[in-house]
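Single-letter residue listing:
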Amino acid sequence: MVTLAEYLGSEYGSASALRIEPPESEEQIVRAYLLYLQSLPAEARDFDATEGNARYMVESMLGPAWKRGEPILFAVMGETIVGATFTTLVPKQLTTPRPAAWGHGTWVREDMRGQGVARALMEAVRGRLRAVGVVRQIGQAHIDNHKSLASFQAMGFSPCGAILENKHI
Ligand SMILES: CC(C)(COP(=O)(O)OP(=O)(O)OC[C@H]1O[C@@H](n2cnc3c(N)ncnc32)[C@H](O)[C@@H]1OP(=O)(O)O)[C@@H](O)C(=O)NCCC(=O)NCCS
């Protein structure tokens, strides 16, 4: 378990009560992933923010990754989940030139934003990735999700490609 204070220093005061830890159940991941989907602007979602879609993502991908110990992590304050990040390892067979992880989203509760929670989650993810020899993180964000793009660039990501969409086929 990693405390926010360990990453950010004691000046964060009450935020230092925050803990970064893995989920306890698949059901928690479903709820957290639904909160993540709901927090995105509608045009920035890959699919609708429904419980069914969150459940499908967890049953097909995030749950098995969590069971394998991949870095799906929650930011927890007291008994409350205030943030989450969902990262899976890219299968080695698909990875060139270096082992990589794929970020499926990061969410921080609105009233907790701007206090380093996402950065603490990201540092914890990176620690776990480095421990298994993974040194490359890939993720995606919608071009109109300016806050997300700004925050992920502040956390060391840089644009490396583009996803193109045709809304009128
Ligand atoms: C994006 C999000 C996860 C950031 O969480 P957060 O806890 O507020 O981020 P942090 O406080 O840890 O900030 C991390 C870095 O990003 C920067 N940052 C955070 N929000 C920012 C914003 N709105 N604009 C510009 N930079 C921002 C911070 O300055 C910080 O960099 P610094 O340490 O160099 O100052 C949060 O805004 C969120 O949940 N948004 C809704 C869901 C979403 O869009 N997720 C991303 C899609 S994958």
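Now for a look at the structure at hand.

1. Concerning the overall build of the protein
When its secondary structure is counted, the protein shows five helices and six strands. Starting at the N terminus and ending at the C terminus, the protein contains elements arranged as β-α-β-α-α-β-β-β-α-β-α. For the protein, buried positions account for 28% of its 169 residues. Long-range pairs, those at least 24 residues apart, make up 62% of the contacts in the protein with a sequence separation of at least 6.

2. Overview of the site of the ligand
The environment of the ligand is formed by 21 residues, the closest being Arg113, Ala118, Ala150, Ser151 and Ala154. Contributing elements (two or more residues each) for the shell around the ligand: β5 (100–108), α4 (117–131) and α5 (146–154). The residue makeup of the shell around the ligand, split by class, is nine nonpolar, nine polar and three charged.

3. Let's talk about the environment of Met122
Assignment of secondary structure puts Met122 in helix α4. Overall, Met122 belongs to the buried group, with 25 C-beta atoms counted inside 10 Å. Along the primary structure Met122 and Leu73 are separated by 49 residues, whereas in three dimensions their C-alpha atoms are 9.2 Å apart. Setting aside its immediate chain neighbours within four residues, Met122 contacts Thr85 and Met155.

4. Considerations on the pairing of β5
Bridging between strand β4 (residues 80–89) and β5 involves six bridges; their strand directions are antiparallel. What sits directly across from Thr88, in β5, is Trp102. Bridging between β5 and strand β6 (residues 136–138) involves three bridges; their strand directions are parallel. Paired with Ala101 across the strands is Gln137, a residue of β6. Taking the sense of rotation as the criterion, the β-α-β connection linking β5, α4 and β6 turns out right-handed.

5. Topic: the packing of helix α2 (residues 26–39) against helix α3 (residues 51–67)
In contact at an axis separation of 9 Å, α2 and α3 are set at 125° when each is read in the N-to-C sense. Here α2 is positioned oblique relative to α3, judged by the angle of their axes. For the crossing formed where α2 meets α3, the hand is right-handed. Of the residues in α3, those touching α2 at Glu26, Ile29, Val30, Tyr33, Leu34 and Leu37 are Glu51, Asn53, Ala54, Arg55, Met57, Val58, Leu62, Gly63 and Trp66. Counted by class, the contact of α2 with α3 contains 10 nonpolar, two polar and three charged residues.

Here is what the cut-offs are and how they apply
- For every chain, the first residue of the written sequence is number 1, and numbering continues from 1 onward in sequence order.
- Residues qualify for local features only when their pLDDT is at least 70, as the model is predicted, and side-chain atom pairs are given and counted only at 80 or more; totals for whole chains, interfaces and linings, by contrast, use all residues.
- A run of H or I in DSSP counts as a helix once it spans at least four residues, and a run of E counts as a strand once it spans at least two, with each numbered from the N terminus.
- Three exposure classes are used, all based on how many other C-beta atoms lie within 10 Å of a residue's own C-beta (placed from the backbone): buried at 20 or more, exposed at 12 or fewer, and partly exposed between those limits.
- The contact rule is simple: place each C-beta atom from the backbone, and if two of them lie within 7 Å, those residues are in contact.
- In this analysis a residue is considered near a molecule or strand if the C-beta atom, reconstructed from its backbone, is found within 6 Å of that molecule or strand.
- Any residue outside Ala, Val, Leu, Ile, Met, Phe, Trp, Tyr, Cys, Pro, Asp, Glu, Lys and Arg is labelled polar, Gly included; the first ten of those are nonpolar and the last four are charged.
- Should DSSP find at least two bridges between two strands, the strands are regarded as paired.
- Orient the strands so they point away from the viewer; a crossover is then right-handed if the path from the first strand over the helix to the second runs clockwise.
- With axes taken as lines fitted to C-alpha atoms, and helix axes fitted only over the stretch in contact, angles between N-to-C directions fall between 0 and 180 degrees.
- Oblique is the label for any angle not covered by the other classes, which are roughly parallel (under 35 degrees), roughly antiparallel (over 145) and roughly perpendicular (65 to 115).
- For any helix crossing, the convention is left-handed if the near helix is rotated counterclockwise from the far helix by under a right angle, and right-handed if that rotation is clockwise.

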